[in-house]
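This is what each chain is made of:
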There are 2 protein chains.
Amino acid sequence: MSTANYPHPAVTVDVLVFSLINNELKIALVRRDIEPFKGIWAIPGGFVKETETLETAAKRELKEEAGIKEVFLEQLYTFGDPKRDPRERVITVAYYALTPSYKLQLRADTDVSEAKWFGINKLPELAFDHRVIVNYAIKRLRAKLEYTGIAHAFLPDEFRLSELQAVYEAVLNKKLDKRNFRKHIETMNILESTKLFDTEGAHRPARLYRVRQKTMITL
Amino acid sequence: MSTANYPHPAVTVDVLVFSLINNELKIALVRRDIEPFKGIWAIPGGFVKETETLETAAKRELKEEAGIKEVFLEQLYTFGDPKRDPRERVITVAYYALTPSYKLQLRADTDVSEAKWFGINKLPELAFDHRVIVNYAIKRLRAKLEYTGIAHAFLPDEFRLSELQAVYEAVLNKKLDKRNFRKHIETMNILESTKLFDTEGAHRPARLYRVRQKTMITL
DNA sequence: TGAATAGTGTCTTTCAGACAATATGCC
DNA sequence: GGCATATTGTCTGAAAGACACTATTCA
C-alpha cells in the first residue's frame with residue numbers, strides 16, 4: 001500500500017497569541033486581505049512547510065507575526081472538519097502562545113492587511129471556525145492556569161506578586177483575595193523571591209519574584 | 001493565494017485503545033503486514049478520508065479494529081515530525097479510547113496480520129514514533145484519571161466499587177487504601193448506588209454503582 | 001466455622017476561603 | 001500627614017492520607 005492513494009489535505013498551523021495588556025487578556029488577530037473571508041478577522045496561521053515540524057511551523061508563524069523568541073508555546077488541538085475551509089480540505093493544528101506584551105510587536109504579514117489585539121470579551125466576527133478555536137483555547141488556558149504555574153508566562157523574568165495576581169484575575173475573570181492568593185502561590189512552590197524591589201510610584205516598593213526553575217510543564 | 005501551492009501531506013488517525021484485562025492496563029496493537037516496519041507492532045490507524053471528520057475517522061478505525069460502539073474517545077495530540085514516516089510526510093492525529101474489554105473483539109484489518117493486547121509494561125518494539133505516542137497517552141490517561149471521573153469508562157454500566165478501585169490501581173500503578181478511595185469517590189459525586197448486588201463468589205455480595213449522568217468531560 | 005470480599009470511622013495534616021489591620025515609601 | 005500599594009495571620013470547613021475492625025455470604 002502506498003500512501004499516494006489517499007487524500008492529501010492541506011495542513012496549516014494557527015497560533016493563538018495571548019497577552020495581558022492593561023490588565024486585560026487579549027489575543028492577536030489579523031485581518032484577512034484575500035478571499036475567503038476577505039476583510040474578516042482571523043487567527044494568524046499558515047501552511048506547514050514540507051520539511052518543518054509542526055512546532056517549528058508554529059514558531060515561524062509566531063516570529064513572522066510578532067517577532068517573538070522564547071515564549072510559552074503549546075499544541076492546543078487539531079481541527080479537521082472537512083468543510084471548515086470552503087476552498088478545499090484544510091486541517092489545522094492549533095497552538096497557543098503566552099507572552100508578555102513588551103516582548104512583541106504585531107505586524108501584518110502576507111495575505112493580511114492589519115494585525116491587532118482584541119480583548120477576549122470584545123472579539124469581532126471571526127473567519128472559518130476560528131471562534132470555536134478561540135473558545136477552546138480560553139477554556140484550556142483557564143484550566144491550565146489553575147493546575148500549573150504558567151501565569152508567569154505573561155510577565156517579565158522578575159515581577160511583583162500583585163502583577164501575577166492581576167494575570168490570574170484577568171484570565172479567570174474574577175477577583176481574588178490577596179492573602180489567599182499569596183498563600184496559594186507559596187504552596188505551589190514555583191517562585192523564589194529576589195533581593196530586588198520595584199520602586200515605581202509613590203508607595204511602598206514591592207519585592208520582585210522570579211520562577212524557581214524553567215519548569216515548562218507540558219502535558 | 002491558493003492553497004494548491006502548498007505541500008499536502010498525508011494525514012492519518014491513530015487510535016490507542018486501552019482496556020483493563022485481568023486487572024492489567026492493556027493496549028491494542030496490530031502487527032504490520034507491509035513495509036515499512038513489516039512484522040513490527042504498531043498502533044492501529046489509517047488515512048483520513050476526504051469527507052470525514054477526524055473524530056469520525058477515529059471512530060471508523062475503532063470499529064474496523066474492534067467493532068466498538070459508544071466508547072470514551074478523545075483526541076490526544078498531533079504528531080508531525082517530517083521524518084516520522086520514511087515513505088513520505090505523514091501527519092498523524094492520535095486519539096485514545098477507553099473501553100471495557102467485554103465490549104470488543106480485536107480483529108486484524110487491512111495491511112495487518114494480527115491484532116493483540118499488550119500490557120503497558122510489556123510492550124514490544126513499536127513502529128514509527130509509536131512508542132512516543134503510547135508514552136504520551138499513558139501520561140495523559142493518568143492525569144485525566146486523577147482530575148476527572150473517566151475510570152468507569154473501563155467498566156460495564158453497573159459495577160462494584162472494588163472494580164473501580166482496581167481500575168485506578170492498574171492505571172496509576174499503585175495500591176490505594178480502600179476507605180480513602182471510597183471517600184474520594186463519594187466526594188467526586190459522579191456515581192450513584194443502585195439497588196443491585198453482585199452475588200458472585202463465596203463472600204458478601206457487593207453493591208453495584210452506576211454513573212450519575214453521562215458527563216463526558218472533554219477539555 | 002473458615003474463606004473471601006464488602007463495608008465502615010477517627011485522627012491528623014493540608015489547603016481553600018472568608019476576613020482587616022499595619023508597613024513603607026513618595027509627595 | 002496623606003496617598004497608594006505591600007505585606008501579613010487567624011479561623012473554619014473540606015479533603016487527603018494513615019490506619020483496623022466488623023459484616024455477609026457461601027462452601
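Going by an unreviewed UniProt entry, chain A carries the name NUDIX hydrolase. Recorded in UniProt for chain A, the comment headed Sequence similarities (unreviewed entry) runs: "Belongs to the Nudix hydrolase family."

Looking at the interface of chain B and chain A
Contacts between chain B and chain A engage 37 residues on the former and 37 residues on the latter. With both chains or domains summed, chain B and chain A bury close to 3400 Å², and 61% of this area falls on carbon and sulfur atoms. If you look at where chain B meets chain A, you find zero salt bridges. Where chain B touches chain A, the interface holds nine residue pairs in polar contact (both at pLDDT 80 or more). Looking at the side of chain B that touches chain A, the elements with two or more residues in it are strand 1 (10–21), strand 5 (72–79), strand 6 (90–99) and helix 2 (130–147) of chain B. Sorting elements by how many residues they give to the side of chain B that touches chain A places helix 2 of chain B first, with five residues. Classifying every residue of the side of chain B that touches chain A by side-chain character gives 20 nonpolar, eight polar and nine charged.

Here we look at the packing of helix 2 of chain B against helix 3 (residues 161–172) of chain B
Residues and elements named next belong to chain B. At a minimum axis separation of 10 Å, helix 2 and helix 3 run at an interaxial angle of 145°. In this structure, helix 2 meets helix 3 at a crossing whose hand is left-handed. Facing helix 2, whose interface residues are Leu-141, Arg-142, Leu-145 and Glu-146, helix 3 presents Tyr-168, Val-171 and Leu-172. Residues that form the contact of helix 2 with helix 3 fall into these classes: five nonpolar, no polar and two charged.

What about the protein's contact with DNA strand C?
Neighbouring DNA strand C are 23 residues; Asn-180, Ala-202 and Arg-204 of chain A together with Ser-162 and Arg-182 of chain B lie closest to it. For DNA strand C, the fraction of protein-proximal atoms (within 4 Å) that sit in sugar or phosphate groups is 41%. Taking Arg-160 of chain B, its side chain carries an N or O atom lying 3.2 Å from a phosphate oxygen of DNA strand C. Interatomic distance of 3.0 Å between a side-chain N/O atom of Lys-183 of chain B and a base oxygen of DNA strand C. Those elements that place two or more of their residues in the surface near DNA strand C are helix 4 (178–188) of chain A together with helix 4 (178–188) and strand 10 (206–211) of chain B. In terms of residue count, helix 4 of chain A provides more of the surface near DNA strand C than any other element does, five residues in total. Its residues assigned to classes, the surface near DNA strand C shows five nonpolar, seven polar and 11 charged.

Overview of the sheet that holds strand 9 (residues 191–198) of chain B
Residues and elements named next belong to chain B. The strand order across the open sheet built from three strands is 8-10-9, with neighbouring strands paired in antiparallel fashion. The open sheet terminates on both sides in strands that have one partner only, identified here as strand 8 (159–160) and strand 9. Two elements, strand 8 and strand 10, share two bridges in a ladder whose sense is antiparallel. Within strand 10, the residue paired with Phe-159 across the bridge is Tyr-209.

Concerning the relation of the copies chain B and chain A
In screw terms, the move from chain B to chain A is a rotation of 180° and a rise of 0.0 Å along the axis, fitting with an RMSD of 0.1 Å. Such a combination of rotation and displacement between the chain copies is what one expects of a two-fold axis. Across chain B, the rotation axis passes nearest the C-alpha of His-8 of chain B, at a separation of 2.6 Å. Most of the interface of chain B is mirrored in chain A, where 100% of its interface residues are also at the interface.

About the cut-offs
Residues numbered from 1 in each chain as written. Chains lettered and ligands numbered in written order. Predicted model: local features only at pLDDT ≥ 70, side-chain atom pairs only at ≥ 80, totals over all residues. Heavy atoms only, no water. UniProt positions renumbered as here; feature names shortened; annotations may be inferred. Contact = heavy atoms within 4.5 Å. Buried area = accessible area lost by both parts, 1.4 Å probe. Salt bridge = Lys/Arg side-chain N within 4 Å of Asp/Glu carboxyl O. Polar contact = N/O pair within 3.5 Å; in protein donor to acceptor, adjacent residues only side chain to side chain. Helix = DSSP H or I, 4+ residues; strand = E, 2+ residues; numbered from the N terminus. Nonpolar A, V, L, I, M, F, W, Y, C, P; charged D, E, K, R; others polar. Axes fitted to C-alpha atoms, helices over the stretch in contact; angles between N-to-C directions. Left-handed = near helix turned anticlockwise from the far one by under 90°. Near = heavy atom within 4 Å. Pairing = 2+ DSSP bridges. Least-squares fit on C-alpha atoms with pLDDT ≥ 70 in both.

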